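# A look at the structure
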Amino acid sequence: MSAQTSAAPASVNRAGKPRLATVWLGGCSGCHMSFLDLDERLLALAERVELGASPLTDFKDFPPADITLVEGAVANEDNLEVLLRVRARSKVLVAFGDCAVTGNVTAMRNLFAVEDVLDCVYRQSATVVAGLPLGGDGVVPRLLPRVRPLHELVRVDHFLQGCPPAADRIFDLVVALLEGRTPELTRRFG
Ligand code: SF4
């Protein structure tokens, strides 16, 4: 499951720094919280990269990136569309955390049929809006039949396991990629 790509150094964009992006698909944001746990090392990282699209910057589109960390599995049509765009515009794509790597918590709904999941959440549970919020207005993206990890849908260059991955491991991975080294990734789960 480890990376098969070479560890070519990230290229430099117009700002003179490689561009790092982070994406949040079907995940709980815990992986991004762990990224923020870099604390003062975020400043060190900011010296070396330009932060591109991210929940932290809220770009409405996805500018090309040298390194992209993708949190979360692919649970709905919106996730899939974003992932395909991100893959096309990223030189190095990292499955960031166990949901992205295996499906993990997000994929627990694969034990049930989609209709049963929707029925439980939107019809049987207490809500202020009765019925499914689906339909022509696109309020809620349509669920895929199965939640899927990233590598089932696109090429993944590196897999960073953990739920969430520890900040130290995130930092080591990003620095290794910036320096053109192959990240030392273990198969540790959790
Ligand atoms: S891997 Fe864990 S922390 Fe990260 S999005 Fe999934 S459940 Fe949340």
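Above this text you will find the structure in question.
Residues numbered from 1 in each chain as written. Predicted model: local features only at pLDDT ≥ 70, side-chain atom pairs only at ≥ 80, totals over all residues. Heavy atoms only, no water.

### Remarks on the packing of aromatic side chains
Aromatic rings in a pair are described by how distant their centres are and how their planes are angled relative to each other. So the rule is basically this: Planes of paired rings set the category: under 30 degrees apart is stacked, over 60 is edge-to-face and the rest tilted, where pairs are Phe, Tyr or Trp rings (Trp by its six-membered ring) whose centres lie within 6.5 Å. Remark: a charge is flagged as sitting over a ring if the NZ atom of Lys or the CZ atom of Arg is within 6 Å of the ring centre and within 35 degrees of the ring normal.
Summed over all chains, the structure comprises zero aromatic pairs. For R41, the ring lying beneath its charged end belongs to F171, and the centroid distance is 5.2 Å.

### Some remarks on the side chain of R87
Put simply, the rule is: In this description a helix means any DSSP run of H or I spanning at least four residues, a strand means any run of E spanning at least two, and both kinds are numbered starting from the N terminus. Three exposure classes are used, based on accessible area relative to the maximum for each residue type with a 1.4 Å probe and protein chains only: buried under 20%, partly exposed in between, and exposed over 50%. The definition of a polar contact used here is a pair of N or O atoms within 3.5 Å, where within protein one atom must be able to donate a hydrogen and the other to accept one, and adjacent residues in sequence count solely through side-chain atom pairs. Note on definitions: a residue-residue contact is assigned when non-hydrogen atoms from the two residues lie within 4.5 Å.
Here R87 is to be found in helix α3 (residues 77–89). According to the relative accessible area criterion, R87 is buried, its value standing at 11%. Looking at R87, its side chain comes within polar contact range of the main-chain oxygen of K91, at 3.4 Å. Not counting residues within four places of it along the chain, the set of residues in contact with R87 comprises V92, L93, V154, R155, V156 and D157.

### Quick notes on the site of the ligand
The line we're drawing: Here a residue is considered near a molecule or strand provided that any single heavy atom belonging to it is located within 4 Å of it. Think of it as three bins: nonpolar holds Ala, Val, Leu, Ile, Met, Phe, Trp, Tyr, Cys and Pro, charged holds Asp, Glu, Lys and Arg, and polar takes everything else, Gly as well.
As a matter of local geometry, the ligand sits amid G27, C28, G30, C31, E71, D98, C99, N104, V105, G162, C163 and P164. Looking at the shell around the ligand, the elements with two or more residues in it are α1 (30–36) and α4 (98–102). Of the residues that constitute the shell around the ligand, the class distribution is six nonpolar, four polar and two charged.

### Structural notes on the side chain of S29
Relative to the elements of secondary structure, S29 occurs in the loop between β1 (19–24) and α1. Residue classification places S29 among the buried positions, given a relative accessible area of 14%. For S29, the residues in contact, after removing those within four places along its chain, are W24 and E71.

### Side note on helix α5 (residues 114–124)
Operational definition: To be clear, the arc concerns the directions from the helix axis to the C-beta atoms.
Turning to α5, its buried residues number three or more, namely V114, V117 and L118. An end-on view of α5 places all buried positions within 95° of arc, on one side of the element. Packed against the buried residues of α5 are β6 (143–148).

### Description of the sheet that holds strand β7 (residues 158–160)
The condition is simple: At least two bridges found by DSSP between two strands is the condition for calling them paired. Helix axes are fitted to C-alpha atoms over the stretch in contact, other axes to C-alpha atoms as well, and angles between N-to-C directions run from 0 to 180 degrees.
A sheet is described by the order of its strands in space; here five strands give the open sequence β2-β1-β3-β5-β7, paired in parallel fashion. Each end of this open sheet is capped by a strand with a single partner; those strands are β2 (50–51) and β7. The pairing of strand β5 (residues 90–96) with β7 spans three bridges and is classified as parallel. Paired with V94 across the bridge in β7 is H158. Set on the sheet, helix α6 (residues 167–178) makes contact with β3 (65–71), β5 and β7; between it and β3 the angle comes to about 155°.

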